Amino acid sequence: MRSSRLALGLLFILALGLPLFAASWRWWDLRSGVVEVHARMPDAGGWSPASIRVPAGEALRLMLTSDDVMHSFAIGQSASPVIDLYPGKPVETTLQFDEPGKYTFYCTRWCGPDHWRMRGTIEVTGDANIQTGAAEQPLYLTLGLDIDAHHEASTLPQQRPSVVRGAALGLVLPDKYLALDYYRLHSPEQVWNDLRGELFSKELDDQQVWDLVALVWQFHASSGDAESSQQLYARDCAACHGEAGAGDGVFAHVLGAASETGDMHARQTPADFTGAAHMLGASPALLHGKIVRGGMGTGMPYWGPIYTDDQAWALVSRLYEFQFEVEDK
Amino acid sequence: MNRAALTNTPVVKSLLRSRWPQLFLRALTLGVFLLAILAGILGTPVGNRNIAIVLVWIAWWGLLALLAVPLFGRGWCNICPIPMPGEWLQQGSLLGPRGKGLGLGKRWPNPLRNIWIQNGAFLLLALCSAVVLTEPKVSAWVLAGFLLVAIGASLVFERRAFCRYLCPVGGYIGLYSQASPLELRVVDASVCASHTEKTCYTGSSQGYGCPWQVFPGGLVKNTNCGLCMECLRTCPHDNLSLNVRSFGADLDVPTGRKLDEAYKAFILLGSAMIYAAVMLGPWGQLKALAYGVGTLPWLGYALGFLLVTLVIIPGSFWLVSMLGQVLAGNKDAFKGRGVKKAFTSLAYTLVPLGMTAWIAFTLSFIFANGSYILPSLSDPLGFGWNLFGTAGMGWTPYLSGIVPFMQVIVLLVGLAWASRTALKIARQLASQARLPQEAARRMALPVVAFCLAITILLFQLLIA
């Protein structure tokens, strides 16, 4: 009888002990308040959970893990570092949000064609009014711009406008062209038209005026963080629009295939930033609007909750770089 | 044939007779098995970080194919956790015949007293293996399914019906255990003949009648002996012995060669080759087909798999075995059951060839993926634990420069072993047909050529 009890005890400890130990530990982990967040490719569900609530000022412990391929965890409009998530390797991080509001977390790794859909929200509750998205309306809304309207330029340069050639003309541009509001509201073609009408440009040929347009762009682009905009483009845009902006990124063929269905509300081929007519007819405010609002079903994601306003404007300047030559060739 | 009886050493004998070491190991393997199921269901779906995949299909399979079966035959079956809960329920006790067990105790139906169902179960598993071996949740449900079927079989049928007739892995272990150098046999068959009670089969107060439904007195092959040691406990004459012998001794035994076992040899050899093509080969399309379980393209893959293992390999082997009979001038082989006998007997040539093919295949991934074992032991469920401080260890392929050489040696050993076995079997067949020994060589020649062709194909698939 005694040996039977011993045998039963041995069986219990070894056979059931191991799984029970593991299950208890797991239970204890979950009870400790940590929120387990699983990252999966969007086709397989994206973030789970995709929405998290936490009171303002309270620590939010997250256990982040990828269930399939490599992902990363980043919080929009925030300086917190991006956390890489390797398949099956959980990472714990603690966040604290002092301001109530809705914060977007997202993946920065090109995990698949629908990578951009990997978004989730952290709702930080508190006494203050809950804000959603950016604090101020984006410029295109304030201006009432129809950012989906046709905006092809009708006047085009013979060659890529050059900042160096523009500077070599030795002209001092009037303050009007150096004003930020002017720059943001006018497409390069409009700037060219305005410059063409100036007295000081009478002696210049059309290409030289385009070089001055490049100079105007350079004046505003250099005020932003060029390195940051390069990184943002490489991280968030190049997968579809291509490293060289030609609309030929690694996922472009997927979007292209979908656009062949003829459904205008379905995905569209990524925009080609090297196309002069398309880009020189677009104002910075329009491009800014497209970035923060997204393509509304075309496959172009909305970056409003992700980028700070400075980041979005820096990225706009980066896009014009595909039209303007910065260095002398 | 030389044999060294391990049970002549008193310590070994008492360890084998005692139920405690066995119970300890069985409880431990059951614990790990249940943990693997739990990990598969609740843990990370990433296969290389979940013990349902890493511990079962890398560590366990590696040990089984590389060491356990070639050296200890059915030794694993002794401590396998899958039939244990059912057997304990059936016996009503953990430590020998004491309590009253549960279950209907029905006899396994006579028409099914073979391994055809086992062959089918193995094929079913093999067809879905691309998913079963990589997706923890699927793997866990399959393992849990094994456990439930084993419990069900124990509660309906007598003894270990699951192990003997149903277990998909049991067929692999049983067939290749014939090549192992470990056996349990009676010391003196005449003692058994005069022992009227046959307690080794019927049981006694010291132990149960053979759970594997084998009469140890008539045991000539390892195939159906689970090395559970019950007969060592129940024999009142101390007439059983655990021996170390030469490799492949069972293959020389001319009796007990069956068509279902022959087909197991074809299925296993074909599966090793297809696995090598799917899992190691450069054919992405083939991989995609194998992973699409349940889809129409997968159905094509499944049909191809079945065609290779059930028709092409056995069909080609039938042709070479008949060619051997023609070359040997064995007219008896074409009369009555002669065809079946020659075909079935010579098919046992594929036991060493198949076993070494599986070893070579296992070598290709065990060293490449072995580094997943330590991290997953530290974090068995992929929840971010670090029990032994090894969770952060990265993937490192080991011995990648040496493995191909090891595979070449293993495959060449397999070819030599198979050729020698073919010749021995041919000699037996020639002798039974009263043909000269010279005829045996001619009979074996096409079979050896077949084995050579398979070996070259394996070289291509595994190494080239």
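Every value quoted in this text rests on a predicted model; they were computed, and no experiment measured them.

K.L.:
Hey, could you run me through the domain arrangement of chain A in this one?
P.N.:
Note: interface size is frequently given as the accessible area lost on complex formation between the parts. Residues and elements named next belong to chain A. Domain annotation for chain A reports domain 1 (31–125) and domain 2 (139–320). Of note, the centres of domain 1 and domain 2, computed from C-alpha atoms alone, are 31 Å apart. Facing the 13 residues of domain 1 at the interface are 20 residues of domain 2. Connecting domain 1 to domain 2 are zero salt bridges. Put simply, domain 1 and domain 2 have six residue pairs in polar contact (both at pLDDT 80 or more) between them. Residues belonging to the side of domain 1 that touches domain 2 are distributed by class as follows: five nonpolar, five polar and three charged.

K.L.:
Would you mind going over the interface of chain A and chain B with me for this structure?
P.N.:
Contacts between the two partners involve 25 residues from chain A, matched on the other side by 27 residues from chain B. Together, the buried faces of chain A and chain B total about 2200 Å²; carbon and sulfur atoms form 77% of this surface. Taken together, the connections running from chain A to chain B amount to zero salt bridges. The interface formed by chain A and chain B holds two residue pairs in polar contact (both at pLDDT 80 or more) in total. Those elements that place two or more of their residues in the side of chain A that touches chain B are helix H1 (2–31) and strand E4 (59–66) of chain A. Tallying contributions element by element places H1(A) first for the side of chain A that touches chain B, with 17 residues.

K.L.:
Would you mind going over the side chain of Ser93(B) with me for this structure?
P.N.:
Residues and elements named next belong to chain B. Among the secondary structure elements, Ser-93 is positioned in the loop between helix H5 (84–91) and helix H6 (116–127). Ser-93 sits in the buried class, given a relative accessible area of 9%. In contact with Ser-93, other than residues within four places in its own chain, are Trp-88, Arg-98, Gly-99 and Tyr-208.

K.L.:
Is there a simple way to think about the packing of helix H3 (residues 51–72) of chain B against helix H10 (residues 168–176) of chain B in this case?
P.N.:
Two quantities define a packed helix pair, namely the angle between the axes and the distance from one axis to the other. Residue and element names in this part refer to chain B. Closest axis-to-axis distance for the H3/H10 pair is 11 Å, and the angle between their directions is 20°. If you check the angle between H3 and H10, you find them roughly parallel. Of the two elements, H3 crosses H10, and the hand of that crossing is right-handed. Contacts between H3 and H10 involve Trp-60, Trp-61, Leu-64, Ala-65 and Val-69 from the former and Val-169, Tyr-172, Ile-173 and Tyr-176 from the latter.

K.L.:
I tried to follow the domain arrangement of chain B on my own but got confused; where do I start?
P.N.:
All names here are of chain B. As far as domains go, chain B holds domain 1 (22–164), domain 2 (182–244) and domain 3 (268–462). Placing the centre of domain 1 and that of domain 3 at their C-alpha centroids yields a distance of 23 Å. Facing the 31 residues of domain 1 at the interface are 34 residues of domain 3. Taken together, the two surfaces of domain 1 and domain 3 that pack against each other cover about 2700 Å², and 77% of this comes from carbon and sulfur.

K.L.:
Teacher, can you tell me more about a nonpolar patch on the surface here?
P.N.:
A contiguous nonpolar patch, built from Phe21(A), Leu374(B), Leu377(B), Leu387(B), Phe388(B), Met393(B), Tyr398(B), Leu399(B) and Ile402(B) and spanning about 800 Å² of accessible area, is present on the exposed surface. By the secondary structure assignment, Phe388(B) is in the loop between helix H19 (373–378) and helix H20 (403–432).

K.L.:
Sorry if this is basic, but what is going on with the pairing of strand E3 (residues 51–55) of chain A here?
P.N.:
Successive residues of a regular strand alternate their side chains across the two faces of the sheet. All names here are of chain A. Every second residue of E3 is oriented toward a common face, the buried set being Ile-52 and Val-54 and the non-buried set Ser-51, Arg-53 and Pro-55. Bridging between E3 and strand E9 (residues 119–125) involves five bridges; their strand directions are parallel. Across the sheet, Val-54 pairs through a bridge with Val-124, a residue of E9.

K.L.:
Help me understand the sheet that holds strand E1 (residues 35–39) of chain A in this model?
P.N.:
Sheets are built from strands that pair by backbone hydrogen bonding, the pairs being arranged parallel or antiparallel. Residue and element names in this part refer to chain A. Strand order across the open sheet formed by four strands is E2-E1-E4-E7, with mixed pairing between neighbours. The open sheet has two edge strands with one neighbour each: strand E2 (47–48) and strand E7 (91–96). By the bridge criterion, two bridges tie E1 to E2 in an arrangement that is antiparallel. The residue of E2 that forms the bridge with Ala-39 is Trp-47.

K.L.:
Hey, could you run me through H3(B) in this one?
P.N.:
Two residues of an α-helix separated by three or four positions point the same way, owing to the 3.6 residues in each turn. Given a rise of 1.5 Å per residue, 22 residues ought to cover 32 Å, yet the end C-alpha atoms of H3(B) are separated by just 25 Å, more than 12% below that figure. Positive phi shows up at Gly73(B), right after H3(B), with a value of about 60°.

K.L.:
What is the right way to read the pairing of strand E5 (residues 71–75) of chain A from this model?
P.N.:
Residues and elements named next belong to chain A. Within E5, five of the five residues are buried, which leaves it mostly tucked inside the rest of the structure. Summarising the sheet, E5 and strand E6 (residues 83–85) pair through three bridges and their orientation is antiparallel. When the sheet's bridge partners are listed, Phe-73 is paired in E6 with Ile-83. As defined by bridge partners, E5 adjoins strand E8 (residues 101–106) across two bridges and the pair is classed as antiparallel. Within E8, the residue paired with Ile-75 across the bridge is Phe-105.

K.L.:
What am I meant to see in the state of the cysteines here?
P.N.:
Here a disulfide denotes one covalent bond, and it connects the sulfur atoms of two cysteines. Counted under the stated rule, the structure contains zero disulfides over all chains. Its sulfur unpaired, Cys237(A) is 9.0 Å from the next cysteine sulfur, which belongs to Cys240(A). Among the cysteines around Cys231(B), which has no disulfide bond, Cys225(B) carries the closest sulfur, lying 6.2 Å off. Judged by relative accessible area, which is 8%, Cys231(B) ranks as buried.

K.L.:
Quick question: what am I supposed to make of the environment of Ala464(B) here?
P.N.:
Within the secondary structure, Ala464(B) is located in the segment after helix H21 (437–463). Through-space distance from the C-alpha of Ala464(B) to that of Gln91(B) is 52 Å; in sequence the pair is 373 residues apart.

Cut-off values and rules
Residues numbered from 1 in each chain as written. Chains lettered and ligands numbered in written order. Predicted model: local features only at pLDDT ≥ 70, side-chain atom pairs only at ≥ 80, totals over all residues. Heavy atoms only, no water. Domains from an automatic or database assignment. Contact = heavy atoms within 4.5 Å. Salt bridge = Lys/Arg side-chain N within 4 Å of Asp/Glu carboxyl O. Polar contact = N/O pair within 3.5 Å; in protein donor to acceptor, adjacent residues only side chain to side chain. Nonpolar A, V, L, I, M, F, W, Y, C, P; charged D, E, K, R; others polar. Buried area = accessible area lost by both parts, 1.4 Å probe. Helix = DSSP H or I, 4+ residues; strand = E, 2+ residues; numbered from the N terminus. Buried < 20%, exposed > 50% of the residue type's maximum accessible area, 1.4 Å probe, protein only. Axes fitted to C-alpha atoms, helices over the stretch in contact; angles between N-to-C directions. Parallel < 35°, antiparallel > 145°, perpendicular 65-115°, else oblique. Left-handed = near helix turned anticlockwise from the far one by under 90°. Patch = residues over 30% accessible without salt bridge, like charges linked within 9 Å, V, L, I, M, F, W, Y side chains within 5 Å. Areas by Shrake-Rupley, 256 points an atom, 1.4 Å probe, with all protein chains shown as cover. Pairing = 2+ DSSP bridges. Expected span 1.5 Å × (residues − 1). Disulfide = S-S within 2.5 Å.

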